[in-house]
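# Analysis of the macromolecular model
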Amino acid sequence: MPKMIFVNLPVSDLPRAVAFYEAVGATKNPQFSDDTAACMVFSDTIHAMLLTHDKYKQFTSKTIVDAKTSSEVLICISADSRDEIDALVKKATDAGGTPDPTPTQDFGFMYGRSYEDPDGHIWEVMWMDMAAAEAAMAS
């Protein structure tokens, strides 16, 4: 069985967060969702657990940071093409997210952009032409 990742994110408005993540292509798994948490599935191995602040506090005694003013993590997900990245950032923007809170990276063989969800969590989206990357590293 491949390893899976569950990114746990505190959110201030669970229905708004669910709508945002559905707009960028995730699907809600009702089996692991209730009125305090929503499991958003990006793939068979990548999930985001959206947790109300009260629910999130059940897992840590640390202060929940305001992701709009502080950063604890940058989440990066792969894409199959440059066009897919641009389309995803547009979907995020149309759904109320902020486009490109981090600098766009364009090295020819590698391309990346980012978006910020309504709670301030930053998602980077990257594409890499592995053959071109290997050739660039070899020279």
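Computed from a predicted model, the values in this text were never measured in an experiment.

Quick look at helix H1 (residues 14-23) now. Among the residues making up H1, those that are buried are Leu14, Ala17, Val18, Phe20 and Tyr21. One face of H1 carries all of its buried residues, which in axial projection span an arc of 160°. Immediately downstream of H1, the backbone of Gly25 shows phi near 110°, a positive value.

Attention shifts here to the pattern of salt bridges. Following the criterion strictly, the structure yields five salt bridges and no others. Asp86 serves as the salt-bridge partner of Arg113, at 3.0 Å between the closest nitrogen and oxygen. Of this pair, Arg113 sits in strand S8 (residues 110-116) while Asp86 sits in helix H3 (residues 82-94), and the two are 27 residues apart along the sequence. Given a relative accessible area of 17%, Arg113 falls into the buried group. A salt bridge links Asp94 to Lys90, with the nearest nitrogen and oxygen atoms 2.8 Å apart. One end of the pair is Asp94 and the other is Lys90, both in helix H3 and four residues apart, which spans about a single turn. Since its relative accessible area comes to 59%, Asp94 is described here as exposed. Counted as one network, the salt bridges with shared partners bring together Asp86, Asp100 and Arg113.

Assignment of secondary structure puts Thr104 in the loop between strand S6 (98-99) and strand S7 (105-106). Each C-alpha atom, one on Thr104 and one on Asp119, is 21 Å from the other, the two residues being 15 residues apart in sequence. Beyond its immediate stretch of four places on either side in the chain, Thr104 contacts Tyr111, Gly112 and Arg113.

Cut-offs and rules
Residues numbered from 1 in each chain as written. Predicted model: local features only at pLDDT ≥ 70, side-chain atom pairs only at ≥ 80, totals over all residues. Heavy atoms only, no water. Buried < 20%, exposed > 50% of the residue type's maximum accessible area, 1.4 Å probe, protein only. Helix = DSSP H or I, 4+ residues; strand = E, 2+ residues; numbered from the N terminus. Arc of directions from axis to C-beta. Salt bridge = Lys/Arg side-chain N within 4 Å of Asp/Glu carboxyl O. Contact = heavy atoms within 4.5 Å.

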